[in-house]
Amino acid sequence: MSHIQFPYRGENTRRQHSSSGNSDFVTEASHNSIEREQAARKPDPTGIGAGTVREADGIRNRGEGVGTTAHPAILEALAGRRPARTPVWFMRQAGRSLPEYRALRERAGVSMLEACLDPGLAAEATLQPVRRHGVDAAVLFSDIMVPLRLAGVGVRIEEGVGPVLDAPVRSAGEVSELVAHRLGDGPDARGTAGAEGVAAVQEAVRRVVIELGSPQAPGVHEGLSERARAGLQHSAGPAGWTPVLAFGGAPFTLAAYLVEGRPSRDHLAARTLMRSDPESWDRLMTWCARLTGEFIAIQVRAGAAAAQLFDSWAGSLSPRTYRERVAPYSGLALETARGALSPTTGQAAPLIHFGTGTARLLGLMRQGADAVGIDERIELGEAIETLAQADPQAGPCPVQGNLDPALLAAPWPLVAEEVDAVLAAGRAAPGHVVNLGHGVPPATDADVLTRIVARVHGSADWEAVALAGWDAVAETRAGAAAGTTADTGACAGPGSDEEARAAAGGRSVSRQDRQDPGRHAPRGPGGRPLARTSRRPERGDH
């Protein structure tokens, strides 16, 4: 493995581009009683940066005109300002693309929904991509079905199928029975009491905030490897802490699953209820909106500093149908979420509204949101223009997106070219958060994501760390009483073998290494080597 000296001392990252009330809906869920002062938000203090010079095989930093900020880059961007570096995170960054996540789930031996409701597992899964990639935000490891389960709805996630409901909701009577449930009602058929599940979600957020830090306290990194601490340091940037993003499914997506009972290609049953029984549809969608809005709110009250409302299925609707039968309820969900104050910032969380296949709906999705997520099916510049035309008086709004997830398997020069194109297109918006147009595919080479972060941030130091690879190892507790760990072997990716590792100087080999075998092994500042390290499991690990 090639080596870089730790502790990691990343140079200042450079700017790439210059540019001019439903509280009673929760049962037994805790609400903040901490007195908060509204933090005064100052105008963006950053200067107009000269940017980074990008080269075919790497990034060369340049420092002229670089600004600084006291706020995390992602919060600045969501507020419509231009931070010193463009922020980036990835939907589904916590999950199957990470060898350490797969090892964690294998050790735990629990289902997806059970993992989401175990504070230790959920916090660990949330933190893993921040340590590895140095992304600008941690999104809570969760699932859009979690609030349904916490409301006592029988739901499970079947491998190869997706969410499956025990009893679909298709009649007025079934809707009436459902809407009597509240977040925290439980228990469900699988034994997790709803109130306990709500508390578990809050505890997971608090654990993540402890490690990522806040304006009030630095992050706690005891027991972590030097490489993991380097990822957290890069993620925190000049602000010194990394925000947690709350997460929830949009009302239409929840309603579609409730009515269909499982994933559907055309959502015919849901659309039938929408058309044939508007009153029941209104009650169902109002319930879903309040449920998911409050689910986001409990994450915010536990310390999340921003949030995303995710709509998987709205793209299947016409603009008129979405405007009349869906948009008002998405607005209610956003309004409910906005009613919560984060103890981390003392403010309401900025809200991102994202949907897949929603190019025709973007103007409607802007209503009630601070930023709109863009998928890969529309050019980012066109989306920014569409959003500006939807509200000419307000003008463009902050956006998130929109790298094609399929690009992650391409040779690096193609990936780098597209990253630069997305960054350039994002200049037309007042704030831009780089993300994928959808979630990270499970087969993605995790080192590619780290390298994208380095390129977005314009950091040669982090590029070197990304090229060195994580070289994750599966660890188990050997003698829990003594608090020791033991390596059980490397989690090698597809196509890895000892011969390939030796050819790369002992480091893990990514697919892009194999596509570009002549690339020189990376070195860190001063040419010093990166020591291979592995992380000790924390108390919450399973």
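Everything quoted here is computed from the prediction, not taken from an experiment. (Residues numbered from 1 in each chain as written. Predicted model: local features only at pLDDT ≥ 70, side-chain atom pairs only at ≥ 80, totals over all residues. Heavy atoms only, no water.)

**Thoughts on the packing of aromatic side chains**
- Overall, the coordinates contain five aromatic pairs when judged by the stated rule.
- Taken together, the ring pairs in this structure connect Phe247, Phe310 and Phe354 into an aromatic cluster. (Phe/Tyr/Trp six-rings, centres within 6.5 Å; stacked < 30°, edge-to-face > 60°.)

**Examining helix H10 (residues 268–276)**
- For H10, the set of buried residues is Ala270, Leu273 and Met274. One side of H10 carries all its buried residues, which in axial view fall inside an arc of 100°. The outward face of H10, more than 90 degrees from its buried face, is lined by the exposed residues Arg275 and Ser276. (Buried < 20%, exposed > 50% of the residue type's maximum accessible area, 1.4 Å probe, protein only. Helix = DSSP H or I, 4+ residues; strand = E, 2+ residues; numbered from the N terminus. Arc of directions from axis to C-beta.)

**A word on the sheet that holds strand E11 (residues 432–433)**
- Pairing within the open sheet is parallel, and its seven strands lie in the order E3-E6-E7-E8-E9-E10-E11. Looking at which strands have only one partner, the edges of the open sheet turn out to be strand E3 (138–139) and E11.
- Bridge analysis of strand E9 (residues 371–373) against strand E10 (residues 399–400) gives two bridges, and the strand direction is parallel. Residue Val372 lies in a different strand from E10, and its bridge partner there is Val399. (Pairing = 2+ DSSP bridges.)

**Quick look at unusual backbone geometry**
- Each neighbour pair has its own omega, and for Gly401 with Asn402 the value is -10°, a cis peptide bond.
- You can see Asn402 is positioned in the loop between E10 and helix H16 (412–426).
- Located in the positive-phi region is Arg92, a residue other than glycine, with phi close to 60°.
- Note on placement: Arg92 falls in the loop between helix H1 (73–78) and helix H2 (99–108).
- Accessibility expressed as a relative area gives 51% for Arg92, which makes it exposed.
- Of note, the phi angle at His267 is positive, near 55°, even though the residue is not glycine.
- With respect to the helices, strands and loops of the structure, His267 is situated in the loop between helix H9 (251–260) and H10.

**Digging into the pattern of salt bridges**
- In total, this model carries 15 salt bridges according to the counting rule given.
- Its salt-bridge partner being Arg455, residue Asp420 comes within 3.0 Å of it at the nearest N-O pair. Here the residue Asp420 occupies a position in helix H16, and Arg455 occupies one in helix H17 (residues 446–457), the gap between them amounting to 35 residues.
- Owing to a relative accessible area of 4%, Arg455 belongs among the buried residues under this scheme.
- Through salt bridges with shared partners, one network takes in Glu100, Arg132 and Asp447. (Salt bridge = Lys/Arg side-chain N within 4 Å of Asp/Glu carboxyl O.)

**With respect to the packing of helix H6 (residues 172–179) against helix H11 (residues 278–301)**
- Between H6 and H11, the shortest axis-to-axis distance is 10 Å and the interhelical angle comes to 25°. With respect to their mutual orientation, H6 and H11 come out roughly parallel. Viewed along their axes, H6 and H11 form a crossing whose handedness is left-handed. Contacts between H6 and H11 involve Ala172, Val175, Ser176, Leu178 and Val179 from the former and Ser280, Arg283, Leu284 and Trp287 from the latter.
- Taken together, the residues of the contact of H6 with H11 sort by class into six nonpolar, two polar and one charged. (Axes fitted to C-alpha atoms, helices over the stretch in contact; angles between N-to-C directions. Parallel < 35°, antiparallel > 145°, perpendicular 65-115°, else oblique. Left-handed = near helix turned anticlockwise from the far one by under 90°. Contact = heavy atoms within 4.5 Å. Nonpolar A, V, L, I, M, F, W, Y, C, P; charged D, E, K, R; others polar.)

**Regarding the packing of H9 against H10**
- The contact between H9 and H10 brings their axes to 8 Å, and the two run at 105°. One way to sum up the angle between H9 and H10 is to call them roughly perpendicular. On the side of H9, the interface is formed by Phe252, Ala256, Val259 and Glu260, while H10 contributes Leu268, Ala269, Ala270, Leu273 and Met274.
- Residue composition of the contact of H9 with H10, grouped by class: eight nonpolar, no polar and one charged.

**Concerning the confidence of the model for the protein chain**
- Per-residue pLDDT for the protein chain has a mean of 80; in total, 73% of the residues score no lower than 70.
- Of the regions scoring below 50 in pLDDT, residues 27–58 engages in 90 contacts with residues more than four places distant in sequence or in other chains.
- Contacts for the low-pLDDT stretch residues 60–69, under 50 throughout, to residues beyond four places or in other chains number 34 contacts. (pLDDT = per-residue confidence, 0-100.)

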